[in-house]
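# Analysis of the macromolecular model
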Amino acid sequence: MELRTAASPRDVKHYTTDRLREEFLIQDLFVPGKMKMVYSHIDRIITGAAVPVEPVMLTAGEELRADYFLQRREMGVINIGAPGKITVDGKVFHIMEKEGMYIGMGAKDITFESDDADVPAKFYFNSAPAHTAYPTVHIKPEGEASEGVVIVKNENKVELGSLEEANHRTICKYILPGQVESCQLVMGMTKLEPGSVWNTMPCHTHDRRMEVYLYFDMPEDAFVMHYMGEPTETRHIVMRSEEAVISPSWSIHSGCGSRAYTFIWGMVGENQDFDDMDGVANRDIR
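Just so it is clear, the structure is predicted and the values come from calculations on it, not from any experiment.

The rules we used
- Residues numbered from 1 in each chain as written.
- Predicted model: local features only at pLDDT ≥ 70, side-chain atom pairs only at ≥ 80, totals over all residues.
- Heavy atoms only, no water.
- Helix = DSSP H or I, 4+ residues; strand = E, 2+ residues; numbered from the N terminus.
- Rg over C-alpha atoms; globule rule 2.2 N^0.38 Å.
- Buried < 20%, exposed > 50% of the residue type's maximum accessible area, 1.4 Å probe, protein only.
- Contact = heavy atoms within 4.5 Å.
- Lys, Arg positive; Asp, Glu negative; His and termini not counted.
- Charge placed at Lys NZ, Arg CZ, Asp CG, Glu CD.
- Core = buried A, V, L, I, M, F, W, Y, C linked by side-chain atoms within 4.5 Å.
- Phe/Tyr/Trp six-rings, centres within 6.5 Å; stacked < 30°, edge-to-face > 60°.
- UniProt positions renumbered as here; feature names shortened; annotations may be inferred.
- 1 Å grid on protein atoms, 1.4 Å probe; cavity = no way out; pocket = protein on both sides within 12 Å on 5 of 7 lines; lining within 4 Å.
- Polar contact = N/O pair within 3.5 Å; in protein donor to acceptor, adjacent residues only side chain to side chain.
- Points joined across faces, edges and corners; volume = space filled by probe spheres on them.
- Nonpolar A, V, L, I, M, F, W, Y, C, P; charged D, E, K, R; others polar.
- Salt bridge = Lys/Arg side-chain N within 4 Å of Asp/Glu carboxyl O.

The next point concerns the overall build of the chain. If you tally the helices and strands in the chain, you get 2 helices and 25 strands. Taking 19 Å as the expected radius of gyration for a compact globule of 286 residues, we find that the chain reaches 18 Å, a close match to that expectation. On the principal axes, the C-alpha backbone points of the chain span a range of 55 × 40 × 35 Å. Out of the 286 residues belonging to the chain, those deemed buried represent 53%. Looking at the chain alone, contacts between residues at least 24 apart form 70% of all its contacts between residues at least 6 apart. Averaged over its 29 positive side-chain charges, the chain has a centre that lies 4 Å from the centre of its 44 negative ones.

Phe 24, Tyr 124, Leu 214, Tyr 215 and Ile 264 are the most contacted members of the largest nonpolar core, which has 58 residues in total. The dominant element in this core, judged by the number of residues it contributes, is strand β19 (residues 209-216), at 6 residues. With 24 residues, the next largest nonpolar core counts Ala 66, Met 101, Ile 103 and Ala 121 among its residues.

Tallied over the full model, the rule gives 9 aromatic pairs. Between the aromatic rings of Phe 112 and Phe 123, the centroid separation amounts to 5.3 Å while the plane-to-plane angle is 40°, which identifies the pairing as tilted. Remark: Phe 123 occurs in strand β11 (residues 123-129) and Phe 112 occurs in strand β10 (residues 110-114); sequence separation between them is 11 residues. With relative accessibility at 0%, the residue Phe 112 sits in the buried group. When the centroid spacing of 5.8 Å and the interplanar angle of 45° are considered together, the rings of Tyr 215 and Phe 263 count as tilted. Linking Tyr 215 in strand β19 with Phe 263 in strand β24 (residues 262-269), this pair joins segments that are 48 residues apart in sequence.

Attention shifts here to the UniProt feature "binding site: Zn(2+)" (unreviewed entry) in the chain. In this structure's numbering, the residues bearing the UniProt feature "binding site: Zn(2+)" (unreviewed entry) are His 204, His 206, Glu 211 and His 253. Spatially, the listed residues are clustered: although they cover 50 residues, their C-alpha atoms lie within 11.8 Å of one another. For the largest pocket, the lining residues among the annotations just cited are His 204, His 206, Glu 211 and His 253. In this fold, His 204 is placed in strand β18 (residues 204-205). Excluding anything up to four places from it in sequence, His 204 contacts Ser 251, Ile 252, His 253, Met 277, Asp 278, Gly 279 and Val 280. Reaching out from His 204, the side chain makes a polar contact with the side chain of His 253 at a distance of 3.2 Å. Locating His 253 in the fold gives a position in the loop between β22 (243-247) and β23 (254-257). A relative accessible area of 1% places His 253 in the buried class. Setting aside residues up to four positions removed in sequence, His 253 forms contacts with Asn 199, Thr 200, His 204, Thr 205, His 206, Glu 211, Tyr 213, His 226, Tyr 227 and Ser 247. Among the polar contacts listed, one links the side chain of His 253 to the side chain of His 206, at a separation of 3.2 Å.

The next subject is the layout of surface pockets. Within this model, the largest pocket holds a volume of roughly 210 Å³. Lining the largest pocket are 15 residues, and of these Ile 171, Thr 200, His 204, Phe 274 and Met 277 lie nearest its centre. Those elements that place two or more of their residues in the lining of the largest pocket are β15 (169-175), β19 and β24. Ranked by residues supplied to the lining of the largest pocket, first place goes to β24 with 3 residues. Classifying every residue of the lining of the largest pocket gives 8 nonpolar, 5 polar and 2 charged. A volume near 180 Å³ is recorded for the second largest pocket.

On inspection of all chains with the given rule, the structure shows 10 salt bridges. Note that Lys 85 and Asp 115 form a salt bridge whose closest N and O atoms lie 3.0 Å from each other. Of this pair, Lys 85 sits in strand β7 (residues 84-88) while Asp 115 is found in the loop between β10 and β11, placing the two residues 30 residues apart along the sequence. Note on Asp 115: relative accessible area 44%, which makes it partly exposed. In this structure, Glu 142 engages Lys 157 in a salt bridge whose closest nitrogen and oxygen atoms are separated by 3.1 Å. Linking Glu 142 in the loop between β12 (137-140) and β13 (149-151) with Lys 157 in strand β14 (residues 157-160), this pair joins segments that are 15 residues apart in sequence. Among the residues examined, Glu 142 registers a relative accessible area of 57% and is labelled exposed. Overall, Lys 157 belongs to the partly exposed group, its relative accessible area being 25%. One continuous salt-bridge network, built from bridges that share partners, spans Arg 208, Asp 276 and Asp 278.

Below, the structure is given as structure tokens:
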């Protein structure tokens, strides 16, 4: 598990490109047969991924000083690869592409597995400190609800933007109050339509929450210019497919790609109000 400290906006103004990437960009997440995790001091979020070619167990590691990973934590998982399985304390969940899970505090034995080791699953996750145990559930964008399975509600599939503004996109909210309960984690996925390249525009900040983005569904030669920093002190990070970026609460988080893409967003912090944003007008960005 890699550790990263928090960064002051006063210092970030002076960062070089390399230093900016070192502090906020997360690369090489999806390595077959390995699990990678990055622990950020910003709201104590852990961002990680597992690409199992054989079953991989989630362990706490020395960094957490815990008996097991979710002793004091919760986590959300979304599979962006081939079908796989997540076993939680002996119960097996079959997770297809773009399906997810919320795993509550107190779950001890968690194992990731691919249905086909030659075409592995790609389990991406965010984890946050927790104080209450909420039910572990399998989350599906479509289908039928059943015991232990939650279907994303129609009102949590929000279509925004337009092709004329190059930001026609659909937001699918996976973990949030009223659908999948959690202590502080909010998580979902946004897909841009062909011909659209901008996300989260007009942009915003939210001092009460930080955020992590994972960009994917892009060919190898495509990229996203991810914009961060204070609204009047913006910086950019060039990102490739399946790379993640840490966004402090004082920073905007917006991007423009060389083509359409998909991204997963995860938020932790003071509240779980998706609409708690401090908007920034386009004319005020510098």
